[in-house]
Amino acid sequence: MENAKYLRRQWGSLVGFLGVILLVYFLLTTDCSEKAPLRRVLANVNGRELKLDTHDRLQVVVDNGLVQVTLSRPAGDVVGIKYNGIDNLLEGRNERDNRGYWDVVWNEPDGHDGLVGRIAGTQFTIIKENKDQIELSFTQRWNLSLRGKQIVPLNVERRYIFQRGISGYYSYAIFERLKGWPEVSFGQIRAVYKLREDKFRYMALSDDKQRIMPTQEDREKGQALAYPEAVRLIDPSNPELKGEVDDKYQYSSEGKDNKVQGWISADPPVGFWIITPSNEFRSAGPMKQELTSHVGPTVLSMFMSTHYAGEELNMKFEDGEPWKKVFGPIFVYLNSVSTKKDLQKLWADAEDQMLREVESWPYNFIQSEDFPTAGQRGTVIGQLVVRDRYMNEKSLDWAESAYVGLAAPGEAGSWQRETKGYQFWTQADKEGRFQIKNVRPGDYNLYAWVPGVVGDYKNNTKITIKPGSEVKLGLIVYRPPRNGPTLWKIGIPDRTAAEFYVPDPKPTLTNKLYNNSEKFRQYGLWDRYGDLYQDQDLIYTINVSDYRKDWFYAQVTRSTNKRVYEGTTWQIKFKLESVNKNGNYTLQLALASANFAELQVRFNDLSAQPAHFSTGLIGKDNAIARHGIHGLYRFYSIKASGNLFQEGNNTIYLTQSRDGSVFQGVMYDYLRLEGPPQW
């Protein structure tokens, strides 16, 4: 008897000791800062074993004690998310396939364009199930017999991962085309969540882009503007929004900045967030602009689209071409606080969670062999420098803050039009040193562009990544476009028009979110050009004008009367003390965007026919209408014979000649006139 008591005492001491150890570990490894909602902290200890209910042939339910998710079966749509006392965070008034889904826009060669199809599985499989993790699969398969039936011509396997103690879930999809399948192109692939309108009214995209949003009914009662996405709120349910403009494109973001975004409910105080821990599966590089969240309330995860680029970003497949790509995983994260006064902590916590997800990438718990772990990936390191003999004759300049990336082999700058493969980008340090980690095995070229330096860099060496490999490139040199010394320059070579003059919107067409930042997101700025330049087009005088005040952000058309537009001609006036009639001058011209435009350049002779240079018809970016300060980057090195110039006063005429729409035009990134080569 005494021995039994002794053993019980010893066992109790051991359990107590282990409890203390676990508590200390919990306190050391858990973010208990003031800005971290208590509910998420407690989730780490209160999460119970996962439960999977598959008894209903029409749905699957997963519950980890924190979140309960209902998925349609076998389609694989998210039809219900129960969390923190709310029976469904998604809009229950919608049909079951219109709450949490993936869809695709595609075009067929027979002329069927803009087809929209939902991804809907026909087979449900449990990939993994234990007390700590469940991974589920919903698969849609296509074959040639389905051709012409407006079913997305892809094999798609959507997967969902649920873990013990995690306030949310992971989602990804494996898209595949088999060899021998017909020609097709895809214009958009995305995941969509439609939240409860009676709960989620506050949208948060970044630290400085957060606001109370109107409802769909507010939009329907509003004044239609130049295109369907834009409305002026006339009688909104929230009087503070009266008179403002709402347009989903105003909330777009560059991929490099879009890692977490979502919505907040005030009653009860709950946050719904989409976290994107990596851009490797997104298309067209780090500056590609995409939609985020908008009225609905709707949350998007955009994997690829033609937004801010046009048809050049269609994912095109030739007849018989095979392909496979993994989109995601993304993380649907849910958090809560106890009182409304702490609502802002939900955003702060979502940011913290995003950083944890980024640090954990690539995840080590994904069950698909198509998703390589960290040990199955490789690394590329190097140092990029810039050699511009007319800027620094004797030495090299560090490529400070350069964007350096790996993408499919191609020409310099081809990465911004590349959609089929994976891309891996980083930003160099002050001395141009870079490390690109966690690169999937495959063949790549290394690309870069340097803020403050014109043009695109490409390393001509094909880089092959193997599992566990480390490729050391050493010192690599970028020689940007340059033919002679700088005579003058306008703007900053940063691939955007953000440094130029962006006017205030008309007082009746504002969105208060952008009163103090990103003014270019305001509606109707294209019309302000005609207000500011009523009698003549823009004239810019070198050494007198200031591009920050005197160079309009976009060269748009001019309205002559209602719905009639004409092209515009801008002038750059400058003086030359001497002219080398036998030499060649160079106008280095970089465009940040073009939309159904043709830019003609003439030197000192506006009547010259043909123009001394023409881009021809270029661009379908639509960045002017969609409040983007850039689209696709285009660069032109325009040579001009010395006999086109004269000593004293000179004028370069820039004519945007296309005139069918108010949204036709170009945005400039940078202009530089160079004299003849000196050596």
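Residues numbered from 1 in each chain as written. Predicted model: local features only at pLDDT ≥ 70, side-chain atom pairs only at ≥ 80, totals over all residues. Heavy atoms only, no water.

A. Highlighting the overall build of the protein. The helix and strand tally for the protein stands at six helices and 45 strands. Relative to the compact-globule value of 26 Å for 679 residues, the protein shows a C-alpha radius of gyration of 28 Å, a close match. Relative to all contacts within the protein whose residues are 6 or more apart in sequence, the contacts with residues 24 or more apart total 70%. Only carbon and sulfur atoms are counted for the fraction: they give 47% of the accessible area of the protein, which is about 29,700 Å². In the protein, 86 positive and 83 negative side-chain charges are present, and the distance between their average locations comes to 3 Å. (Helix = DSSP H or I, 4+ residues; strand = E, 2+ residues; numbered from the N terminus. Rg over C-alpha atoms; globule rule 2.2 N^0.38 Å. Contact = heavy atoms within 4.5 Å. Areas by Shrake-Rupley, 256 points an atom, 1.4 Å probe, with all protein chains shown as cover. Lys, Arg positive; Asp, Glu negative; His and termini not counted. Charge placed at Lys NZ, Arg CZ, Asp CG, Glu CD.)

B. Examining the pattern of salt bridges more closely. The full count for this structure, using the stated rule, is 40 salt bridges. For Asp257, the salt bridge goes to Lys256, with nearest N and O atoms at 3.2 Å. Assessed through its relative accessible area of 47%, Asp257 is described here as partly exposed. Overlapping salt bridges bring together Glu312, Arg417, Asp621 and Arg634 as one network. (Salt bridge = Lys/Arg side-chain N within 4 Å of Asp/Glu carboxyl O. Buried < 20%, exposed > 50% of the residue type's maximum accessible area, 1.4 Å probe, protein only.)

C. Summary view of the environment of Gly80. By the element assignment, Gly80 lies in strand β4 (residues 78–83). Through-space distance from the C-alpha of Gly80 to that of Asn543 is 63 Å; in sequence the pair is 463 residues apart. Once you skip the residues sitting within four places of it in the chain, Gly80 turns out to touch Gln68, Val69, Thr70, Asn88 and Leu90.

D. Representation of unusual backbone geometry within the structure. Residue Pro74 is reached from Arg73 by a cis peptide bond, and omega for that bond is 10°. In this fold, Pro74 is placed in the loop between β3 (67–72) and β4. A positive phi angle is found at Asn543, which is not glycine, with a value near 70°. For Asn543, the position within the fold is in the loop between β34 (539–541) and α6 (547–550).

E. Structural context of the side chain of Glu157. Relative to the helices and strands, Glu157 resides in strand β9 (residues 155–163). You can call Glu157 buried: its relative accessible area is 18%. Within the structure, the side chain of Glu157 is placed 2.9 Å from the side chain of Arg159, a separation counted as a polar contact. Excluding anything up to four places from it in sequence, Glu157 contacts Ile127, Ser137, Phe138, Thr139, Tyr172, Ala173 and Ile174. (Polar contact = N/O pair within 3.5 Å; in protein donor to acceptor, adjacent residues only side chain to side chain.)

F. Focus on the sheet that holds strand β38 (residues 568–576). Pairing is mixed across the open sheet formed by five strands, whose spatial order is β34-β38-β44-β40-β41. Of all strands in the sheet, those with a lone pairing partner are β34 and β41 (613–614), marking the two edges. Note: β34 against β38, three bridges, orientation parallel. Within the sheet, the bridge partner assigned to Ile539 lies in β38 and is Gln571. (Pairing = 2+ DSSP bridges.)

G. Geometry of the UniProt feature "domain: Rhamnogalacturonan lyase" (unreviewed entry) in the protein. The UniProt feature table records "domain: Rhamnogalacturonan lyase" (unreviewed entry) at residues 400–472 and 486–673. Within residues 400–472, the helical portion is 0% and the strand portion 49%, while the C-alpha atoms at the span's ends are 19 Å from each other. Helix makes up 6% of residues 486–673 and strand 41%, with an end-to-end C-alpha separation of 6 Å. (UniProt positions renumbered as here; feature names shortened; annotations may be inferred.)

H. Region of the structure containing the sheet that holds strand β27 (residues 403–407). The antiparallel open sheet is built from four strands, whose spatial order is β28-β27-β30-β31. Both edges of this open sheet fall to β28 (424–427) and β31 (457–465), since each of them pairs with a single strand only. Strand-to-strand twist across the sheet, computed as the mean angle between neighbouring axes with direction ignored, equals 20°. Judged from the six bridges that link them, strand β30 (residues 442–449) and β31 form a sheet pairing that is antiparallel. When the sheet's bridge partners are listed, Asp443 is paired in β31 with Thr464. (Axes fitted to C-alpha atoms, helices over the stretch in contact; angles between N-to-C directions.)

I. Quick look at the pairing of strand β43 (residues 634–641). Burial along β43 is one-sided: Arg634, Tyr636, Ile638 and Ala640 are buried, and none of Phe635, Ser637, Lys639 and Ser641, which face the opposite way, are. Bridge count for strand β39 (residues 584–597) against β43 is eight bridges, and the pairing is antiparallel. Counterpart to Leu587 in the pairing with β43 is Ile638.

J. Here's a closer look at helix α4 (residues 343–360). The terminal C-alpha atoms of α4 lie 27 Å apart, and with 18 residues this matches the ideal 26 Å at 1.5 Å per residue to within 8%. Of all the residues in α4, the buried ones are Leu346, Trp347, Ala348, Asp349, Ala350, Asp352, Gln353, Met354 and Glu357. (Expected span 1.5 Å × (residues − 1).)

K. Main features of the nonpolar core. Counting 105 residues, the largest nonpolar core has Leu136, Phe175, Tyr193, Phe272, Leu384, Phe434 and Leu446 as the members making the most contacts within it. If one sorts the elements of this core by residue count, strand β24 (residues 323–336) sits on top with eight residues. Residues contacting Leu446, with those up to four places away along its chain left out, are Val380, Val404, Gly405, Leu406, Phe434, Ile436, Tyr457, Lys458, Asn459, Ile463, Leu473 and Ile476. (Core = buried A, V, L, I, M, F, W, Y, C linked by side-chain atoms within 4.5 Å.)

L. Geometry of the side chain of His630. Mapped onto the fold, His630 is located in the loop between β42 (618–620) and β43. According to the relative accessible area criterion, His630 is buried, its value standing at 3%. Setting aside chain neighbours within four positions, we find His630 in contact with Glu254, Met287, Gln289, Tyr308, Arg495, Thr496, Ala592, Ser593, Ala623 and Met667.

M. Spotlight on helix α5 (residues 525–532). Listed in full, the buried residues belonging to α5 are Leu525, Trp526, Arg528 and Tyr529. Angular distribution of buried residues about the axis of α5 spans 150°; they occupy a single face of the element. (Arc of directions from axis to C-beta.)

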